[in-house]
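The chain contents come next:
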Amino acid sequence: MQAFLILYHLDICLNQLAMDLEFARQEKEKQGLFARGWSGIKEFPNNIKTRVFEFFSKVKKLGQDDPRRVVHSLKVGLALTLVSLFYYYQPLYDSFGVSAMWAVMTVVVVFEFSVGATLGKGVNRGLATLLAGALAVGAHKLANLSGRIGEPIVLGFFVFLQVSIFLFPVWAGEDLHNLIASNMEKLGSFLEGFGDEYFKIPEDGESKGDKSFLQGYKSVLNSKSDEDALSNFARWEPGHGRFQFRHPWKQYLKIGALTRQCAYRIESLNGHINAEIQANPEIRSKIQESCTKMSLESGKALKELAFAIKRMVKPFSAGTHIENSKSAAKNLNSLLKSGLWDGDVDLLQLVPVATVASLLIEVVTCTVEIAESVHELSSMVNFEAVEPTVSPQKPETGQPEIVKSSNDANFPSVIIIISEPSPENGNSSATTMNNCSSRPTNTEV
């Protein structure tokens, strides 16, 4: 019983101690909050002083860097003050009314830093005002003929159509369409020239040609915000030109995302061109042919896909380049697994070569995914099926080559040549198939 009483009193003491500690903590928090608030009040004048000092320091630095900008700001302030008199000075306001506010807006819009920019904007605004005034007068005349009830409807209709749609419209959907194609073309240009740049012999020195194609891909890395904004705007636009209502703009975003993934690999490849640690030419020469072919064929495929999107035609010829790049990737994989490297090869020189080979294989995979997405887009939009009359490049051995297509409506045909060396004499055979006949014909060439 005594033990129970001791435990009971001990529990009461512990609870009281916990309550005292909690009360002390709350009091400390209150004091801390009050202290922080009081500290902020005391520091407020110093903060204001610091911000004012920083502002004038920036103004001083701006004046030292280019004093003309300070003079320009004073000129703009003076011009705004003078034109504001038309609005705030009662006699002038009685003469011009609310229209005086347009004088202020004109100064804000037209007054530029340079003389040429100011004159150019002034002329453009003047011509635009005259043209808009003429259109407004015409719309007002037509609205008066529609009666009291129809007048506001007609005016609203004309304002909506004339300022935003009919008069030299800028379509966000068309800009998105061109942006996606342009980004793919930039990646293709880089890949076409990467092989020569990476595998060039150091003794040859720097080439004097234009290397801007090596930097074009960088704009693709930061194109997501532009693509998203253009896609959102394009959904509001009515059907126009080649872009019908409910055009699959989301598919463009999918292609754009895949293109950026490819651009990230290209960013890594670009870092290996002038890297500090380079493999010696003997090591690089062992994979030069396969890597150059993968890069070149992938670049050509991307350019063909970009052309197909621009012209809205089915990308027939891109398939040949993709198959060639996949074949080169398989050869490279086999080469890397065949024990090509000697046992005494320096790993520091081997790693960059293996990294470049791996990145090029990933680029080929990205190109295949981009091609699949473009084919999906062509099916959604019903791209025009225009087959090439002559194959742009002879495909690899054993791959079909479209030579020509007949435009005769009565006897449509397509000639397909499959080149394959003969085991006896090295000659190749050609297989010709007519669409109106199921029997192939073999001919020696």
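Residues numbered from 1 in each chain as written. Predicted model: local features only at pLDDT ≥ 70, side-chain atom pairs only at ≥ 80, totals over all residues. Heavy atoms only, no water.

You'll find the protein chain entered in an unreviewed UniProt entry as Aluminum-activated malate transporter 2-like isoform X3, with Durio zibethinus given as the organism. Recorded in UniProt for the protein chain, the comment headed Sequence similarities (unreviewed entry) runs: "Belongs to the aromatic acid exporter (TC 2.A.85) family." Here the protein chain is described in UniProt, under the heading Subcellular location (unreviewed entry), as follows: "Membrane". (UniProt positions renumbered as here; feature names shortened; annotations may be inferred.)

**What about the nonpolar core?**
Residues Met-184, Leu-187, Phe-190, Phe-194, Leu-269, Leu-305 and Ile-370 are the most contacted members of the largest nonpolar core, which totals 57 residues. In terms of residue count, the dominant contributor to this core is helix H13 (residues 347-381) (14 residues). (Core = buried A, V, L, I, M, F, W, Y, C linked by side-chain atoms within 4.5 Å. Buried < 20%, exposed > 50% of the residue type's maximum accessible area, 1.4 Å probe, protein only. Helix = DSSP H or I, 4+ residues; strand = E, 2+ residues; numbered from the N terminus.)

**A few points about the pattern of salt bridges**
Applying the stated criterion across every chain, the model contains 11 salt bridges. Measuring nitrogen to oxygen at the nearest pair gives 3.8 Å for the salt bridge that ties Asp-66 to Arg-69. The exposure class assigned to Arg-69 is partly exposed, which follows from its relative accessible area of 42%. Where Lys-224 meets Asp-228, a salt bridge forms, and the shortest distance between an N and an O atom there is 2.8 Å. A residue pair is termed a helical-turn pair when its members lie 3 or 4 positions apart in one helix, as Lys-224 and Asp-228 do in helix H9 (residues 224-234) at four residues. Beyond isolated ion pairs, a larger network of salt bridges with shared partners links Asp-66, Arg-68 and Arg-69. (Salt bridge = Lys/Arg side-chain N within 4 Å of Asp/Glu carboxyl O.)

**Quick notes on the packing of helix H2 (residues 67-88) against helix H4 (residues 101-110)**
Where H2 meets H4, the axes come as close as 7 Å, and the angle between the chain directions of the two elements is 165 degrees. The angle between the axes of H2 and H4 places the two elements in the roughly antiparallel class. The two elements H2 and H4 meet at a crossing, and its hand is left-handed. Residues Ala-79, Leu-80, Val-83, Ser-84 and Tyr-87 of H2 form the contact with H4, whose own contacting residues are Met-101, Ala-103, Val-104, Val-107 and Val-108. Residues that form the contact of H2 with H4 fall into these classes: nine nonpolar, one polar and no charged. (Axes fitted to C-alpha atoms, helices over the stretch in contact; angles between N-to-C directions. Parallel < 35°, antiparallel > 145°, perpendicular 65-115°, else oblique. Left-handed = near helix turned anticlockwise from the far one by under 90°. Contact = heavy atoms within 4.5 Å. Nonpolar A, V, L, I, M, F, W, Y, C, P; charged D, E, K, R; others polar.)

**Some points on the packing of aromatic side chains**
Summed over all chains, the structure comprises nine aromatic pairs. Lying across the ring of Phe-113, Arg-69 places its NZ or CZ 4.6 Å from the centre. (Phe/Tyr/Trp six-rings, centres within 6.5 Å; stacked < 30°, edge-to-face > 60°. Lys NZ or Arg CZ within 6 Å of the ring centre and 35° of its normal.)

**What to know about the UniProt feature "transmembrane region" (unreviewed entry) in the protein chain**
Here, UniProt's "transmembrane region" (unreviewed entry) annotation points to residues 70-89, 95-115 and 153-172. Each end of residues 70-89 is marked by a C-alpha atom, and these two atoms are 28 Å apart; helix forms 95% of the span and strand 0%. Between the C-alpha atoms that bound residues 95-115 there is a distance of 31 Å. The span itself is 62% helix and 0% strand.

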